[in-house]
Amino acid sequence: MAVPERDRTDLTDPTWWRDAVVYQVYPRSFADGNGDGIGDFAGLIDRIPYLERLGVDAIWLSPFYPSALADGGYDVDDYRDVDPRIGTLQQFDEVVAASHAAGVRVIVDIVPNHSSDRHEWFRAALAAGPGSPERDRYVFRDGLGEHGELPPSDWVSHFGGSAWTRVPDGQWYLHLFAPEQPDWNWEHEEVREDFHRTLRFWSDRGVDGFRVDVAHALAKDLGEPLRSHPHVNSMDIEIDGTNPLFDRDDVHEIYRGWRRVFEEYDPPRTAVAEAWVPVERRVLYAKPDELGQAFEFDLVKADWDAAQFREVIVDSLERATAAGASSTWTFSNHDVVRHASRFGLPAGTDLNAWLLSDGAEPVEDVALGARRARAAVLLLLALPGSAYVYQGEELGLREVADLARDDLEDPIWLRSQHTEKGRDGCRVPLPWTAEGPSFGFGTGGAHLPQPAWFAEHAASVEDGDAGSMLELYRAALALRHTLHTGPALQWQDSAAEVLHFERSGGWHVVVNLGTEAAPLPAGEVLLASAPLEDGLLPSDAAAWVRVSG
Ligand code: NOJ
Ligand code: CA
């Protein structure tokens, strides 16, 4: 069966996002154009040909806004400007123009749950004092105890410690994350309007879509007395309808308003929700009259296990289809241990304990992790829906687990009182060349130290090496563009430890998560993550096969 041709670089196509491959750029660690150790727009513009050659449909830029970097830029001082260390608004326009010229769309990160404590409205709130309209844009409360010396509730911040901080006049403000990230009061009309203004500001500059940070936290039950809840770790919460802070039904009204803004544009702007909630609730954010997509995080959490993968895939596809959304797959991002390491560790490893041991215990099986990561990308890019890849995974980068304590930037390290090392190990600046200061990241150093083994993963080393991860990603992306179509897959009979499904056009996908070699269907092997053994697919490998007839 012939596959309908579609020009994926057609920037007027309103459905592009449904099956796009999006590359996440963490700007401060991608490429440094001026040698100050911090990635910037000049560096990014230089690398757009690399992204075009890789074959991705879009880039998602993690925050590049002015920020004190209390949380890697997710503490935004001004939603409608660029951090001078990263560049200027004019350079942002150049990023969009150069990306679009290369047929690559641009998605920006919107952080609506909290601003930074340096945002002009938070400064105004502090200056105006208790009871003022300025304070009402955030969540200020008097404390408990005889002199208000106790926080207004027992809520714990995601990064550890109380979710409340006291200001000099005695009131407390809410921050689900770091104290430098005060939460907005989304019941306030000016807050809602200001975010519409921000969405239009970037849409007017040509941005194609938005990634919505902690999308499930905006609507809160702040009625008095504040309801207690033992812990509010947004990545690991009970969502059972009782949580006063997360995944409340009212949040959807906000996104219906955003959808109306998106529809003012042609093609309509798109969005993807970051919502760490169970799949049946997650798809609500992805409905067509809301954000359209929500990250499928269950693959980020799943072990290398066929039954777990199958369950996640079946469930997610079914629910996304029912909601009129498309599934949004990913294995890695800037918040989690890189999957080339995760899959090289025994299933069930406590990743935080592993990081605290500097990667010593348990010992990572580097070759196994790499094999599995190669197989994983052939699964990721074969699934119906869109796929998100995180910068550096195409180079096969592993987690840098042995960063020295003194070098850590993540607020989690301090706030957890040194019981969690945090997320810096997946944010180390990329190696572009095997030699030179910071492996070609820039002409100076790198804001997080790179290990010597980064040299083997440099883009220049992998470029043209048929066996490299980079060439596998390129080949898979190029093929996907000719094969990928339709929202469905058909499961085929296979051993329990093997995933085998067919997409339309006779495209068969086989992933062997077991220990025995597995048979492939008769046909043309288009791509395999590892050499076949006597015509069989070895353990921890995947293949794409074209079956005709
Ligand atoms: C999720 C982001 O991905 C993470 O990096 C950040 O720390 C929190 N949201 C708070 O904005
Ligand atoms: Ca720089």
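As the structure is a computational prediction, the values presented were derived from the model and not from experiment.

## Describing the site of ligand 1
Thought 1: Every residue close to ligand 1 is listed here: D71, Y74, H114, F159, F177, R211, D213, E274, H334, D335, R423 and R427.
Thought 2: One nitrogen or oxygen atom from the side chain of D71 is found 2.6 Å from an oxygen atom belonging to ligand 1.
Thought 3: Across the complex, the protein chains shield 99% of the 300 Å² of accessible surface that ligand 1 would expose by itself.
Thought 4: Grouping the amino acids of the shell around ligand 1 by side-chain chemistry returns three nonpolar, two polar and seven charged.

## Overview of the coordination of the calcium ion (ligand 2)
Thought 1: Protein-derived coordination of the calcium ion (ligand 2) comes from D32 (OD), N34 (OD1), D36 (OD), I38 (O) and D40 (OD), at a distance range of 2.2 to 2.3 Å.
Thought 2: In primary-sequence terms, the residues that donate to the calcium ion (ligand 2) follow D-x1-N-x1-D-x1-I-x1-D.

## Considerations on the layout of surface pockets
Thought 1: Space inside the largest pocket adds up to approximately 930 Å³.
Thought 2: In this structure, the largest pocket is lined by 32 residues; those nearest its centre are D335, V336, V337, L351 and N352.
Thought 3: Of all elements in the fold, only α7 (298-301) and α10 (351-356) reach the threshold of two or more residues within the lining of the largest pocket.
Thought 4: Broken down by element, the residue count for the lining of the largest pocket peaks at three residues, all from α10.
Thought 5: Broken down by class, the residue content of the lining of the largest pocket amounts to 15 nonpolar, seven polar and ten charged.

## A few points about unusual backbone geometry
Thought 1: For the peptide bond that leads from D266 to P267, omega is 0°, which places it in the cis range.
Thought 2: For P267, the location among the structural elements is in the loop between α5 (251-262) and β8 (270-273).
Thought 3: For the peptide bond that leads from E361 to P362, omega is -5°, which places it in the cis range.
Thought 4: The topology assignment puts P362 in the loop between α10 and α11 (366-380).
Thought 5: Positioned with a positive phi, H418 is a non-glycine residue whose angle comes to about 65°.
Thought 6: Located in the positive-phi region is D534, a residue other than glycine, with phi close to 50°.
Thought 7: Note on placement: D534 falls in the loop between β15 (524-528) and β16 (541-546).

## Some words on empty space enclosed by the protein
Thought 1: Scanning the entire structure with this criterion turns up five cavities of 30 Å³ or more.
Thought 2: Size it by volume and the second largest cavity reaches roughly 80 Å³.
Thought 3: Those elements giving two or more residues to the lining of the second largest cavity turn out to be α6 (279-285) and α8 (306-323).
Thought 4: Here the element with the most residues in the lining of the second largest cavity is α6; it accounts for three residues.
Thought 5: Grouping the constituent residues of the lining of the second largest cavity by class yields seven nonpolar, four polar and two charged.

## Some details on the packing of helix α1 (residues 41-54) against helix α14 (residues 469-483)
Thought 1: The N-to-C vectors of α1 and α14 enclose an angle of 60°; their axes lie 8 Å apart at closest approach. When the axis of α1 is compared with that of α14, the two are oblique. Note on element contacts: α14 touches α1 through L470, E471, Y473, R474 and L477, opposite Y50, R53 and L54.
Thought 2: Partitioning the contact of α1 with α14 into residue classes produces five nonpolar, no polar and three charged.

## Quick word on the nonpolar core
Thought 1: One finds Y23, F64, F92, Y255, W258, F309 and W544 to be the most contacted residues of the largest nonpolar core, which totals 135 residues.
Thought 2: Ranked by residues supplied to this core, first place goes to α14 with eight residues.
Thought 3: When near neighbours in sequence (up to four residues on either side) are disregarded, Y255 contacts V212, A215, L218, Y285, D289, E290 and L291.
Thought 4: One finds A178, V214, L245 and I412 within the second-largest nonpolar core, a separate group that totals 17 residues.

## Side note on the sheet that holds β16
Thought 1: Pairing within the open sheet is antiparallel, and its five strands lie in the order β12-β13-β14-β16-β15. Edge positions in the open sheet fall to β12 (490-491) and β15, since each of these has one partner strand only.
Thought 2: Packing against the sheet, α11 makes contact with β13 (498-503), β14 (507-512), β15 and β16, and its axis sits at approximately 35° to β16.

## Side note on the side chain of T270
Thought 1: Assignment of secondary structure puts T270 in strand β8.
Thought 2: On the basis of relative accessibility, which here comes to 6%, the residue T270 falls in the buried class.
Thought 3: Once residues within four sequence positions are removed from consideration, T270 is found in contact with W16, W17, D208, G209 and F210.

## Some thoughts on the sheet that holds strand β5 (residues 164-166)
The pairing of strands in a sheet happens through backbone hydrogen bonds and is either parallel or antiparallel.
Thought 1: Strand order in the open sheet formed by three strands is β4-β6-β5, and the pairing between neighbours is antiparallel. Strands with a single pairing partner mark the edges of an open sheet, and in this sheet they are β4 (140-141) and β5.
Thought 2: Here three bridges tie β5 to strand β6 (residues 172-174), and the two strands are oriented antiparallel to one another. Considered in β6, the bridge of W164 is made with L174.

## Describing the pairing of β13
Thought 1: Burial analysis of β13 places five of its six residues in the buried class, the great majority of the element.
Thought 2: Pairing geometry for β12 and β13, over two bridges, is antiparallel. If you follow W491 over to β13, its bridge partner there is F501.
Thought 3: Here β12 hands over to β13 after six residues, the two strands then running antiparallel side by side.
Thought 4: Looking at chain direction, β13 and β14 are connected through six bridges and run antiparallel. Within the sheet, the bridge partner assigned to V498 lies in β14 and is N512.
Thought 5: Two successive antiparallel strands, β13 and β14, enclose a turn made up of three residues, where G505 displays a positive phi of approximately 75°.

## So, the packing of aromatic side chains
Thought 1: A complete count under the given rule lists 41 aromatic pairs for this structure.
Thought 2: Measuring from ring centre to ring centre gives 5.1 Å for W453 and F454, while their planes differ by 65°; the resulting arrangement is edge-to-face.
Thought 3: Since its relative accessible area comes to 1%, F454 is described here as buried.
Thought 4: Ring pairing ties together the aromatic residues Y79, W121, F122, Y138, F140, Y173, W184, W186, F195, Y255, W258 and Y285, which thus form one cluster.
Thought 5: The positively charged end of R137 is found above the aromatic ring belonging to W121, 3.9 Å away from the centroid.
Thought 6: The ring of W453 carries R398 above its face, with NZ or CZ at 4.0 Å from the centroid.

Calculation rules
Residues numbered from 1 in each chain as written. Chains lettered and ligands numbered in written order. Predicted model: local features only at pLDDT ≥ 70, side-chain atom pairs only at ≥ 80, totals over all residues. Heavy atoms only, no water. Near = heavy atom within 4 Å. Polar contact = N/O pair within 3.5 Å; in protein donor to acceptor, adjacent residues only side chain to side chain. Areas by Shrake-Rupley, 256 points an atom, 1.4 Å probe, with all protein chains shown as cover. Nonpolar A, V, L, I, M, F, W, Y, C, P; charged D, E, K, R; others polar. Donors = N, O, S within 2.8 Å, 3.2 Å for Na, K, Ca; no water. 1 Å grid on protein atoms, 1.4 Å probe; cavity = no way out; pocket = protein on both sides within 12 Å on 5 of 7 lines; lining within 4 Å. Points joined across faces, edges and corners; volume = space filled by probe spheres on them. Helix = DSSP H or I, 4+ residues; strand = E, 2+ residues; numbered from the N terminus. Axes fitted to C-alpha atoms, helices over the stretch in contact; angles between N-to-C directions. Parallel < 35°, antiparallel > 145°, perpendicular 65-115°, else oblique. Contact = heavy atoms within 4.5 Å. Core = buried A, V, L, I, M, F, W, Y, C linked by side-chain atoms within 4.5 Å. Buried < 20%, exposed > 50% of the residue type's maximum accessible area, 1.4 Å probe, protein only. Pairing = 2+ DSSP bridges. Phe/Tyr/Trp six-rings, centres within 6.5 Å; stacked < 30°, edge-to-face > 60°. Lys NZ or Arg CZ within 6 Å of the ring centre and 35° of its normal.

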